[in-house]
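Listed below are the residues making up each chain.
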Amino acid sequence: MALTKCKECGEEISKKAEKCPKCGAPAKKQTSLFTWVVTVFVVLWAVGYFSSPTTNSRSSIPSAASSSSSNSSSYSAPREYTPPLEVISWKCDKEHGYVFVRGEVKNISSQSIKNVMAVGEFRTKDGTLVKSEDSLIEYNPILSGQTSPFKTGGTDNPAITNCNLSFKTLFGKQLSYTTAEDRKKKEREKIKEVQTLLTGLGHEVGAADGIMGAKTKQAIKEFQSKQGLTANGEISNQLVTELRKARK
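Residues numbered from 1 in each chain as written. Predicted model: local features only at pLDDT ≥ 70, side-chain atom pairs only at ≥ 80, totals over all residues. Heavy atoms only, no water.

**A few points about the sheet that holds strand E8 (residues 162–169)**
Strand order across the open sheet formed by four strands is E6-E5-E8-E9, with antiparallel pairing between neighbours. Bordering the open sheet on either side are strand E6 (129–136) and strand E9 (174–175), each of which pairs with just one other strand. Both strand E5 (residues 116–123) and E6 contribute to a ladder of seven bridges, which runs antiparallel. Paired with Ala118 across the two strands is Ser135, which belongs to E6. (Pairing = 2+ DSSP bridges. Helix = DSSP H or I, 4+ residues; strand = E, 2+ residues; numbered from the N terminus.)

**Topic: the confidence of the model for the protein chain**
In this model, the protein chain carries a mean pLDDT of 81, and residues with pLDDT of at least 70 account for 71%. Low pLDDT, under 50, characterises residues 49–78; the predicted model gives this stretch 15 contacts beyond four residues in sequence or across chains. (pLDDT = per-residue confidence, 0-100. Contact = heavy atoms within 4.5 Å.)

**Here we look at the sheet that holds strand E4 (residues 98–107)**
Strands sit in the order E7-E4-E3-E10 across an open sheet of four strands; the sheet is mixed. The two strands at the open ends of the sheet, each matched to only one other strand, are strand E7 (147–155) and strand E10 (177–179). On average, adjacent strands in this sheet sit at an angle of 40° to one another, irrespective of strand direction. In terms of strand pairing, E4 meets E7 through nine bridges, oriented antiparallel. Among the inter-strand pairings, Gly103 is bridged to a residue of E7, identified as Phe150. Helix-sheet contacts for helix H4 (residues 180–200) involve strand E3 (85–95) and E10, and the interaxial angle to E10 is about 80°. (Axes fitted to C-alpha atoms, helices over the stretch in contact; angles between N-to-C directions.)

**Describing the packing of aromatic side chains**
Under the definition given, this model contains three aromatic pairs. With a centroid separation of 5.5 Å and 85° between ring planes, the pair formed by Phe150 and Phe167 is classed as edge-to-face. Of this pair, Phe150 sits in strand E7 while Phe167 sits in strand E8, and the two are 17 residues apart along the sequence. Taken together, a centroid distance of 5.5 Å and an interplanar angle of 85° make the contact between Phe167 and Tyr177 edge-to-face. One end of the pair, Phe167, is in strand E8; the other, Tyr177, is in strand E10, with 10 residues separating them in the sequence. Clustering of aromatic rings is evident, with ring pairs tying together Phe150, Phe167 and Tyr177. The ring of Phe100 carries the charged tip of Lys151 above its face, separated from the ring centre by 4.3 Å. (Phe/Tyr/Trp six-rings, centres within 6.5 Å; stacked < 30°, edge-to-face > 60°. Lys NZ or Arg CZ within 6 Å of the ring centre and 35° of its normal.)

Following this line, the structure appears as structure tokens:
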């Protein structure tokens, strides 16, 4: 017979006894191994269920079907990347034993930009880098829509015959830029694409010449009206996307 000790008086008693025959204290019941295993399993199952990704996703993330439906009813065209800076003018020149890159740059983004630095790379005729100089542009920060002068350079070297321009922040992040000429070229190409797509859909725009004329604007308004868009006759990324979808 298996024995154990009474927790009160220390008398040896049977493990099956309900109480100590000597002092009458209730006997301590031993939890069986099976009971422990079942208890641990239940606890682990409960923790796993309530913290599982599947359970959380049901309460916070819409299903694929509902997402697709939502996107189709409130579709917006992906935004095209536009460089934050536009160089109005710049040149590389020498004077009094120094070489410079100077000009004007415009912030064409929607936010002000801090610590913009103009970087001049001064090179030989075959493109070998002689040296690089950088300095903050005149206005810091440069506000949205603002144009700032810039000038960077250093001591001249007779081997320097040309230079390159780039921009970065004070902490080294590169800032891309466009030029007024490049911007106008891209705008004309976009107008030409819109004209071509509208013509393919049966709208009268005249020649696809990249010029925003009265016929093109009227055709855009007609298309926008049919698609349930704001009929303002203006070209946007959403308009181009809808035209491409309609032309397929």
